[in-house]
Amino acid sequence: MLLGLPDFDILFPASVGDAIAMLEEHGEDAKLFAGGSDLLIAMKHKKKLPRFLINIKRIPDLHGIETAPDGTLVIGALATSADIAASGVAAISSGLAEAAQVLGTTQIRNIGTIGGNLGNASPSAEFAPPLLCLEASLTCVGPDGARIIPLDQFFLGPGETSLGPAEVITEIRVPPQAEPIHDTYIKHSLRRMDVAMASAAILLAMDGGKVMRVRIALGAVAPVPFRAKKAEAVLAGQTISEELIGLAAGAATSETTPIDDIRGYAGYRRDVVRDMVASGLRQVLKAAEENEKASV
Amino acid sequence: MSHQVQLTVNDETRGMAVEPWQTLLDVLTEDFRLARTKEGCSVGECGACSISVDGKIVNSCLLLAVDADGTDIVTMEKATAGDEGFGQGMEDFIHPEVAERRANHREPRADGAQEVDTFCHLCPGHCSMTAIIEDGRVVDLEPELESGLYAEQCALNKGRFTIPEVMGHKDRLLFPQKRVGERGEGKWERISWDEALDTIAAKFNHIKETLGPESVAFGLGEPKGLEFAFAQRLATAFGTPSVVTPGWSCGIPKGMAAAFTLGSGTVCDDDNMAELLVLWGSNMNQTTGGIRRETLEKVMEAGGKLMVVDPQKSDIAKLADLWIRIKPGSDGAFAAGVLKVIIEEKLYDEAIVAEWTLGFDKIVAELAAITLEEVEELSWVPVDQIQEFARTYAAAEPAAMQSGNAVDQLVNSFQTGRIISIIRGICGNVNVPGGDVFLTAPAFTRPGSFFLLSKYPRNTEKILGDQFKFAQNSAFIPPHVLTKAILEEDPVPIKALMVILSNPIVSYPNSAETYKALMKLDFIVVSELFMTPTTDIADIVLPAAWGMEHEELGYWPGWYQEIRAHPKLTDPPGECWPDTKIINELAKRLGLGDDFWDDDDEALDEMLKPAGMSYEEFKDKRTLKPTKEFVPHAYKTPSKKIEVYSERLEQIGYAPLPTWEELKKAVKVDAEFPLLMTNAKEEAYMLSGFKQVASVRIIRPDPMVEMHPRMADKLGLTEGAWVVIETRDGSIQQRLSLNRNLDRRVVVASFGWWFPEQAENGYGWRQSNINMLTPSGPDYDPSTGGITLRGVPCRVKKA
């Protein structure tokens, strides 16, 4: 029994304004449709059965990846993982580039969009941890106009966001980083192409030997992707030692609330988080130290 | 509402109207008739549907046809056109990351990983694979493309996904356990292998001494390696004929039908070109026990034809020149109609009929008395389609015809198989290149001989009386005989059961009755990879080592007449033992050591003795294959002809000629149960197994039941909701999915569902398990004890 799609009609908005009007008109009966790599699967599994798909792929100006004059990295919501991986974002954030390269398969990366990945709000959303470390925000446009939602206020629960019913994510904005940053994204999964069983993004900005800024974000180990602030507090302003790395990793683990599911047990996920945060810190610290040496 | 699109596929542009819900893959299969690009998982995991759109590789199953408007689409049919069938080109197209990884690691693998060639052990297709082993773990199974053995994996890649995950799975059983507390309470105590085997041997011998060996039964599943043969050998040496195997509803009916008609079984000749392929209740893209997918591609690309008989519009039905949407369970009537047309329009080979058949005039008379209108009413196949099927089949030179499991799961499967064999024979498709051929087996120990059936003839009449003679001759009893012997102690009381490769609570018909029977037993021992509904009520559970975790020989399916080496690639986890070792050691403790070995591995050499080589030598060869001589008219029947009328059948006590009475048998729906339920192999899983394997559970997370949208409307049912399916025998719930391509009177439910995540609830065996709904008879096929499992009257309502 192969999985067919349910019945639906498809609408083609020519602009964001059109899309908003369609969302207002159809309400619960309509869903925004970008790459479809989450939505079409949910529809084939008959878990989501929208009467209307609002196909936003033909709306212009939502696909770009640019750095604004003030240094903000602006990524259009319809940029695909492949677009992001092929762009120069690695120069700004290794973590973001790594997430773009490791999501799904080659085929999925060619259609899955960053707006869709975040809007789907899976606890394991690939782009969330690195963007949380970068303190990114989303530009969302709705009937009342445009607003900025900081990413750490965006996720409310598995599959739930603070988007209004007729709002559309148009951009992801990564603020300019005042100092040189070093970051990484680590994903632990059964197979490379699988969603993460646990994931971590680590970001450091160093001043001499001291931590000027540290951000640790975890995915797939809580109802939403989140910043492990207790772990960050262990390291802020400190000189990083192995002991401190261990304490930070332990603190990060204590902030998780993983579940048992088909991929792994909660206890195992906690162990993985501990290992990932520790090795991620070591890796990013090393990158920071090498950068310091190079610039001396 | 349909949309006009321009689709440019492999440089050909077509304008067409498409519905929003049509994927590009739907259109490529049905309108462009592509055979290399396939639907595997439908959800973007497997890559079988990969295409290039404007230079980017994407899954065509996740691309709407409307979104492909105006794009430049290149498929494997063009991108790998130079390759003859499945090869590196297709594999790299489907799995670009693997191609990249391979390109980055030159021989020997820079990352220290090993590559060892083997065969998949998940399904009877046994595709040739190269196992990638890192740090002692099998991490991937790539198609093995050097040897020329069949390597194109099932479209969904279920073996590639399932096997590595199972080998390292968090829930693998690791040590022997015995039940403490009440049966089904879920309380277990770890025990040693010694204690486990001593307990089992003592129990079995006690029952043998007080009641007789027939009171100890075995429940066996489909052979993977030698474990089935070891278990049969043990049963024979122990003296019990009470062995349930899948033979009662798989392979035996059609095998016997071919044997009595043509002299022996046939297989479709993949080595040579056919003009026509017929897939009758079978779909080689997802399951293989017959024609290969490579053959389908080859024949389609050479301009050959395809006919598919299936209540569902499977992917190959979409490709077919003729799709026969048959009423489930009516294959006997349809086959009779086809033969009638071939006879009355004189489409058969006249020389063959004149010189090489016995009793042809009798079937002519039998079928002259029926009308095609009757056949249409019974089978839902319009008269003109019956005629087209017959004419197309008879005209092909040659045709290869594969009948699948569905045709073996009916109360008249044997006689239906006889008609199909007759059709093959009189149309000149038997034992010709490209047709359905006899095989000459290579030299290796025959399984029957391994079972010791001549040394210790089984007292089959003790458990079967004079019933089901093919079961008696093929070393099995049907499951309903087992449950009756347990519940009614008739004809003998069965008190103990050993289960290997099987999950009877989920896969025997009438699960409620099976459960009751098992709960009544004194003793149940199960060897398994994971806890299941059957282990849940066992007394002792043994942790089994699996394929690739020990040295193994595979000889199944028997009709392929081949033997394969499945080498050990990694150590089994925990204290897992291969079933062959479990049985070998148990045999010793039962006092039957003389018929077994010091070490179960010795049996590997014994299997290969007739070939004059040791197992170690055989591992280099990897396989011994049969030969095909294509000797014309080499029928090994008593008359040396195609026996339309079989005296031998008459002597055994069965109808010597297929009768219309038998062939037209149909289960009747009524006002109470007005719909007809059928099922098919679920692509993501191997039968009832592997629901705890994440990589396939994400593809098919829930049990789904399919129904036509108009019928769902009429019944007030909502797509996606859990609905209740009921028959005379029981009630379950599955989630509703609407399917425009089904007959409105048909419901297609999912087979084999239980829930590993519901340990507290018997693993949810009552909830969605189709065998809660199936009968355990009577009516029975008199020759095999078969029951009609496809086309069961049911009703569907809101939960």
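Residue numbers restart at each chain and count upward from 1, following the sequence in its written direction. The naming scheme follows written order: chains are lettered A onward, ligands numbered 1 onward. Local features in this predicted model are restricted to residues of pLDDT 70 or higher, and side-chain atom pairs are both shown and tallied only at a pLDDT of 80 or more, whereas totals for entire chains, interfaces and linings draw on every residue. Excluding hydrogens and water, the side-chain figures rest on all heavy atoms present in the structure.

1. Quick look at the overall build of chain A
Phase 1: Counting its secondary structure elements, chain A contains 10 helices and 14 strands.
Phase 2: A radius of gyration in this sense is built from C-alpha atoms; the matching globule rule multiplies 2.2 Å by the number of residues raised to 0.38. For 296 residues, the compact-globule estimate of 2.2 N^0.38 gives 19 Å, and the C-alpha radius of gyration of chain A, at 19 Å, lies within 12% of that figure.
Phase 3: With the principal axes as the frame, chain A shows a C-alpha extent of 60 × 45 × 30 Å.
Phase 4: Buried residues are those whose accessible area, probed at 1.4 Å on protein chains only, stays under 20% of the maximum for their type, while exposed residues exceed 50% and partly exposed ones sit between those limits. Burial status across chain A gives 56% buried among its 296 residues.
Phase 5: Within chain A, contacts between residues at least 6 apart in sequence are counted, and of these 61% link residues at least 24 apart.
Phase 6: Of the roughly 11,800 Å² of accessible surface on chain A, a fraction of 53% belongs to carbon and sulfur atoms.
Phase 7: This count recognises Lys and Arg as positive and Asp and Glu as negative, with His and chain-terminal groups excluded. Here the site of a charge means NZ on Lys, CZ on Arg, CG on Asp, or CD on Glu. Side chains of chain A give 27 positive and 35 negative charges; the mean places of these two sets differ by 6 Å. Counting from the N terminus, the helices are the DSSP runs of H or I reaching at least four residues and the strands are the DSSP runs of E reaching at least two. We call two residues in contact when some of their heavy atoms are within 4.5 Å. Here, Shrake-Rupley sampling with a 1.4 Å probe gives the accessible areas, and only protein chains in the shown set may cover a residue.

2. What to know about the interface of chain A and chain B
Phase 1: Of the residues lining the interface, 42 residues belong to chain A; the matching set on chain B comes to 58 residues.
Phase 2: Contact between chain A and chain B buries roughly 4,000 Å² in total, counting both sides, with carbon and sulfur atoms accounting for 55%.
Phase 3: One side-chain nitrogen of Lys or Arg within 4 Å of one carboxyl oxygen of Asp or Glu is enough to make a salt bridge. Where chain A meets chain B, there are 7 salt bridges.
Phase 4: With a shortest N-O distance of 3.9 Å, A:Arg58 and B:Asp67 are connected by a salt bridge.
Phase 5: Side-chain atoms alone can form a polar contact between residues adjacent in sequence; in general such a contact is a pair of N or O atoms within 3.5 Å, and within protein one must be able to donate a hydrogen while the other accepts it. For the pair chain A and chain B, the interface holds 22 residue pairs in polar contact (both at pLDDT 80 or more).
Phase 6: Of all the elements in the fold, those that place two or more residues in the side of chain A that touches chain B are β1 (9–11), α2 (39–44), β3 (52–55) and α5 (106–109) of chain A.
Phase 7: If you tally residues by element for the side of chain A that touches chain B, the top one is α5(A), at 4 residues. Buried area: the accessible area, evaluated with a 1.4 Å probe, that two parts lose upon being put together, summed over both parts.

3. Here's the deal with the packing of aromatic side chains
Geometrically, a pair of aromatic rings is defined through the distance of the ring centres and the angle of the planes.
Residues and elements named next belong to chain B.
Phase 1: For this analysis, a ring pair means two rings from Phe, Tyr or Trp (six-membered ring only for Trp) whose centres lie within 6.5 Å, classed as stacked if their planes differ by under 30 degrees, edge-to-face if by over 60, and tilted for the remaining angles. On inspection of all chains with the given rule, the structure shows 28 aromatic pairs over all chains.
Phase 2: Centre to centre, the rings of Trp 753 and Phe 755 are 5.8 Å apart; their planes meet at 40 degrees, and the pair counts as tilted. Residue Trp 753 shares its accessibility class with Phe 755, and that shared class is buried.
Phase 3: Ring centres of Trp 754 and Tyr 763 lie 6.1 Å apart, and the angle between their planes is 90 degrees; on these two criteria the pair is classed as edge-to-face.

4. Points about the domain arrangement of chain A
Phase 1: Split by domain assignment, chain A resolves into domain 1 (9–55), domain 2 (65–174) and domain 3 (182–295).
Phase 2: Taking only C-alpha atoms into account, the centre of domain 1 of chain A sits 36 Å from that of domain 3 of chain A. Those domain boundaries reflect an automatic or database domain assignment.

5. Observations concerning the sheet that holds strand β7 (residues 145–150) of chain A
Within a sheet, each strand pairs with its neighbour through backbone hydrogen bonds, oriented either parallel or antiparallel.
Residues and elements named next belong to chain A.
Phase 1: Within the open sheet, the 5 strands sit side by side as β4-β5-β10-β6-β7. Their pairing is antiparallel. In the strand order of this sheet, the two ends are held by β4 (65–67) and β7, each with one partner. Ignoring strand direction, the axes of neighbouring strands in this sheet form an average angle of 25 degrees.
Phase 2: What makes two strands pair is DSSP finding at least two bridges between them. As defined by bridge partners, strand β6 (residues 137–142) adjoins β7 across 6 bridges and the pair is classed as antiparallel. Its bridge partner being in β7, Cys 140 is matched across the sheet by Arg 147.
Phase 3: Packed on one face of the sheet, helix α1 (residues 16–26) meets β6 and β10 (168–174) and runs near 130 degrees to β10. Between N-to-C directions, angles span 0 to 180 degrees; the directions come from axes that are lines fitted to C-alpha atoms, helices contributing only their stretch in contact.

6. Looking at the pattern of salt bridges
Residue and element names in this part refer to chain B.
Phase 1: In this structure the tally under the stated criterion is 71 salt bridges over all chains.
Phase 2: Between Lys 665 and Glu 662 there is a salt bridge whose closest N-O contact spans 3.7 Å.
Phase 3: For Lys 665, a relative accessible area of 29% puts it in the partly exposed group.
Phase 4: With its nearest N and O atoms 2.8 Å apart, the salt bridge here joins Glu 726 to Arg 795. In this pair, Glu 726 sits in strand β29 (residues 722–727) while Arg 795 sits in strand β32 (residues 792–798), placing the two residues 69 residues apart along the sequence.
Phase 5: By relative accessible area, Arg 795 is classed as partly exposed at 25%.
Phase 6: Beyond isolated ion pairs, a larger network of salt bridges with shared partners links Asp 670, Glu 672, Glu 726, Arg 728, Arg 795 and Lys 797.

7. With respect to helix α21 (residues 479–487) of chain B
Residues and elements named next belong to chain B.
Phase 1: Here α21 lies mainly inside the structure; 7 of its 9 residues are buried.
Phase 2: Taken together, the buried positions of α21 are Pro 479, His 480, Val 481, Leu 482, Thr 483, Ala 485 and Ile 486.
Phase 3: Contact partners of the buried residues in α21: β11 (216–220), β12 (243–244), α19 (460–464), β20 (496–500) and α23 (511–520).
Phase 4: At the exit of α21 stands Glu 489, carrying a positive phi of roughly 55 degrees.

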